[in-house]
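Structure assessment
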Amino acid sequence: NIKNLYINTGKNMLSIKVVCKDSIRCRDLEKLCITFCKENEIKADIQYVSSLEEISALGITNYPCLIINDRIYSSDKLPTRHTVENWIKENAGVNV
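For clarity, every value in this text was computed on a predicted model and none was experimentally measured.

Tallied over the entire structure, the rule returns one disulfide. A sulfur-sulfur distance of 2.0 Å marks the disulfide that ties Cys 20 to Cys 26. Taking the sign of the S-S torsion, 65° for the link of Cys 20 and Cys 26, the bridge is right-handed. A single burial state applies to Cys 20 and to Cys 26, both of which are buried. Cys 37 carries a free sulfur, and the closest cysteine sulfur to it, the one in Cys 33, is 6.5 Å from it.

Printed below as a string of structure tokens:
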């Protein structure tokens, strides 16, 4: 199911979804997003989506998948830390 792991309400809040059937690789991606947003005070609703029903509803077939503000940024591979941080910064509109 979907778990809201870090929620900070306010304007310009990012929507970040880590989509996977639950693996260590996916959890690492989730932790990276949470840590980066917290450390840089970026407002984000970070969700871990693992149920097959919810994954199917999103139309995802390859894991891990990273979705930021309803756009798929990565699918079927684990992006580098630097890449993920840049995607988050770009969507948050901040220079961190």
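Having seen it, we continue.
Looking at the secondary structure, you find Cys 37 in helix 1 (residues 24-39). Looking at Cys 37, the relative accessible area reads 0%, which means it is buried. As a C-alpha pair, Cys 37 and Glu 85 span 48 residues in sequence and 8.8 Å in three-dimensional space.

As a further point, take helix 3 (residues 81-92). Along its twelve residues, helix 3 runs 16 Å from first to last C-alpha, staying within 8% of the 16 Å computed at 1.5 Å per residue. Within helix 3 the residues assigned to the buried category are Val 84, Glu 85, Trp 87, Ile 88 and Ala 92. The arc that holds every buried residue of helix 3, seen down its axis, measures 160°, which confines them to one face. Along helix 3, exposed side chains directed more than 90 degrees from the buried face belong to His 82 and Glu 90. The inward-facing, buried residues of helix 3 contact strand 2 (14-19), helix 1, strand 4 (65-68) and strand 5 (71-75). Residue Gly 93 follows helix 3 closely and has a positive phi angle near 65°.

Attention shifts here to the nonpolar core. Within the largest apolar cluster, 22 residues are counted, with the highest numbers of intra-cluster contacts made by Ile 16, Leu 66 and Ile 88. Those elements that provide at least two residues to this core are strand 2, helix 1, strand 3 (44-49), strand 4 and helix 3. If you tally residues by element for this core, the top one is helix 1, at seven residues. Discounting residues that sit within four places of it in the chain, Leu 66 has contacts with Ile 16, Lys 17, Val 18, Leu 29, Cys 33, Arg 71, Ile 72, Tyr 73, Ser 74, Val 84 and Trp 87. In terms of nonpolar packing, the next biggest core, distinct from the first, is built from six residues, Val 49, Ile 55, Ile 60 and Cys 65 among them.

This part takes up the packing of aromatic side chains. One pass over the full model with this rule turns up one aromatic pair. Ring centres 5.2 Å apart and planes at 50° place the aromatic pair Tyr 73 and Trp 87 in the tilted group. Highlighted residues: Tyr 73 in strand 5 and Trp 87 in helix 3, separated in sequence by 14 residues. Pair check on accessibility: Tyr 73 and Trp 87 agree, each one buried. The ring centre of Tyr 73 lies 4.3 Å from the NZ or CZ of Arg 71, which sits over that ring.

Analysis parameters
Residues numbered from 1 in each chain as written. Predicted model: local features only at pLDDT ≥ 70, side-chain atom pairs only at ≥ 80, totals over all residues. Heavy atoms only, no water. Disulfide = S-S within 2.5 Å. Buried < 20%, exposed > 50% of the residue type's maximum accessible area, 1.4 Å probe, protein only. Helix = DSSP H or I, 4+ residues; strand = E, 2+ residues; numbered from the N terminus. Expected span 1.5 Å × (residues − 1). Arc of directions from axis to C-beta. Contact = heavy atoms within 4.5 Å. Core = buried A, V, L, I, M, F, W, Y, C linked by side-chain atoms within 4.5 Å. Phe/Tyr/Trp six-rings, centres within 6.5 Å; stacked < 30°, edge-to-face > 60°. Lys NZ or Arg CZ within 6 Å of the ring centre and 35° of its normal.

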